[in-house]
Amino acid sequence: PPLNRILSLPDMENVAGQILSHKALAYYASASDDEMTNSENARAFTRFFFRARVMRPVAQCDPSTTILGFKSSIPIFVSGAALAKLGHPDGELNITRAARKEGIIQMVSSNASFSAADIIGSADHSQTLFFQLYKHRDDDIAEKRVREMENLGYKAIFLTVDAIVAGNRERDIRSPWVLEEQETGPQYFEAGTSDELKDDVNIFGTAGALVANDDRDMTWEKTIPWLRRITRLPIVIKGIQCVEDAVLAAEAKVDGILLSNHGGRQLEYSLPPLEVLHSLRQQRPEVFSKLEVYIDGGVRRGTDVVKAVCLGAKAVGLGRPFLYAQSAYGEPGVSKIIQILRREIVTAMRLVGASTIQDLRPEMVQRVDWHPH
Ligand code: FNR
């Protein structure tokens, strides 16, 4: 269908489901085991309702904010997701260009199809990009990578900690295919591991192959000080899944945490990030003043974004929707879903009685225990 018939992110996902190759869909859509966490990530939003305030002036409504001090036109960002070329030859560059046009920030995956240099090379010099790090188990290799990203101009490191081994993604593992060289990042092939990588994909699925060299012995005591020593960039921990670890992250003095279960692709029955955010707000509200808190997983509507921001999220990440949009329509598709989210966010803000992001308060959201379905 023409792009102007796409009214929502679910519409976009439907189109992507029709045009994506079997292997791309298997990789993008899959989640662990019975995919319960993946579906509950989204369903969690249906348990939170608004307590809208009326008779407030909302003719002017400004949804803009900052993330780690960098401007963002709405409180969303691109969560780094691997292998965008599986869906479209321009891959991640579609997202970079649309992110510039729409004024949002892209987090670039360690396993992007294009190199981190090519991606930032296609960006505007004033554009903010963050880098998602899968830490190599060899500290020296990891250090080199981090320094390279800082030199390239990436503005923050999102250290992923929830994927030390790959989750059991059966849709992906069942799909009988190998990665083609043109679909993966150059790092594998430059390192001379292409044959190994292809073998690993056959045995472990794409996910297993992509995290094969990652550090499985990271700790708060060792890894965070190491990262602090080698970079001046802000550090965000991606993949915090409970209140206790959010508190430890604050004690480790990182700059932010992304409450995330990797889109349900890692630990099956990991709690939905929105529930973790709600628990953090109730149990340890002081954490929100020590670092920035973000969530991702299952965000598909402007109301989802506004609920999370009410509960204290500085911004909200989306993974699959950007992959689907760029696969289906390239750069204009990515612009389209950002515009849809902007319109939905502004509508929800006005109807809930908020004219700025600061007006969104925890009291405007109520968790219900009746099941809405
Ligand atoms: C991911 N995600 C991810 N995370 C990460 O830290 N590094 C990565 O390389 C990837 N790769 C990746 C590939 C694909 C196909 C998906 C769907 C996801 C996880 C991603 O950053 C994010 O946490 C989730 O996608 C958020 O959930 P939603 O928005 O997809 O529901």
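Residues numbered from 1 in each chain as written. Predicted model: local features only at pLDDT ≥ 70, side-chain atom pairs only at ≥ 80, totals over all residues.

Caption draft 1: View of the environment of valine 334. Inspection of the secondary structure puts valine 334 in helix H14 (residues 320-352). Between the C-alpha atoms of valine 334 and leucine 86, which are 248 residues apart in sequence, the distance is 16 Å. When neighbours within four sequence positions are excluded, valine 334 is seen to be in contact with Asn94, Ile95, Ala98, Phe322, Ala325 and Gln326. (Helix = DSSP H or I, 4+ residues; strand = E, 2+ residues; numbered from the N terminus. Contact = placed C-beta atoms within 7 Å.)

Caption draft 2: Representation of the pairing of strand E5 (residues 105-108) within the structure. Alternating positions in E5 separate into two faces, Ile105 and Met107 on one and Gln106 and Val108 on the other, with burial throughout. Each parallel crossover has a hand, and the one from strand E4 (residues 76-78) via helix H4 (residues 91-102) to E5 is right-handed. Where E5 and strand E6 (residues 129-133) come together, three bridges link them in parallel fashion. Of the residues in E6, the one forming a bridge with glutamine 106 is leucine 129. (Buried ≥ 20, exposed ≤ 12 C-beta atoms within 10 Å, placed from the backbone. Right-handed = clockwise from strand over helix to strand, strands pointing away. Pairing = 2+ DSSP bridges.)

Caption draft 3: Inspection of the nonpolar core at higher detail. Among the nonpolar cores identified, the biggest contains 106 residues, and Ile157, Phe158, Ile257, Leu277 and Ala313 are the most heavily contacted of them. Among the elements that take part in this core, H14 stands out by supplying 15 residues, more than any other. (Core = buried A, V, L, I, M, F, W, Y, C linked by C-beta atoms within 7 Å.)

Caption draft 4: Representation of the site of the ligand in the model. Near the ligand you find 25 residues, and of these Ser79, Thr160, Gly263, Gly319 and Arg320 are the closest. Residues that form the shell around the ligand fall into these classes: seven nonpolar, 14 polar and four charged. (Near = placed C-beta within 6 Å. Nonpolar A, V, L, I, M, F, W, Y, C, P; charged D, E, K, R; others polar.)

Caption draft 5: Representation of the packing of helix H1 (residues 9-19) against H14 within the structure. In contact at an axis separation of 10 Å, H1 and H14 are set at 165° when each is read in the N-to-C sense. What the angle tells us is that H1 and H14 run roughly antiparallel. Between H1 and H14 lies a crossing whose hand is right-handed. Side by side, H1 and H14 meet where Leu9, Met12, Glu13, Val15, Ala16 and Ile19 of the first sit next to Pro321, Tyr324, Ala325, Ser327, Ala328, Gly333, Ile337 and Ile340 of the second. When its residues are assigned to classes, the contact of H1 with H14 shows eleven nonpolar, two polar and one charged. (Axes fitted to C-alpha atoms, helices over the stretch in contact; angles between N-to-C directions. Parallel < 35°, antiparallel > 145°, perpendicular 65-115°, else oblique. Left-handed = near helix turned anticlockwise from the far one by under 90°.)

Caption draft 6: A look at unusual backbone geometry. Look at aspartate 33: it is not a glycine, yet its phi comes out positive at around 45°. Note that aspartate 33 resides in the loop between helix H2 (22-29) and helix H3 (36-43). Look at methionine 55: it is not a glycine, yet its phi comes out positive at around 60°. Within the secondary structure, methionine 55 is located in the loop between strand E1 (48-50) and strand E2 (65-67).

Caption draft 7: How the structure looks around the sheet that holds strand E11 (residues 315-318). Taken in spatial order, the eight strands of this closed barrel run E4-E5-E6-E7-E8-E9-E10-E11, and their pairing is parallel. Neighbour-to-neighbour, the strand axes of this sheet turn through a mean angle of 30°, independent of strand direction. Where strand E10 (residues 292-296) lies against E11, three bridges are found, and the strand directions are parallel. In the strand pairing of E11, isoleucine 295 is matched with valine 316. Across the sheet, helix H11 (residues 243-251) is in contact with strand E8 (235-240) and strand E9 (256-259); its angle to E8 comes to roughly 170°.

Shape is all these values report; function is a separate question.
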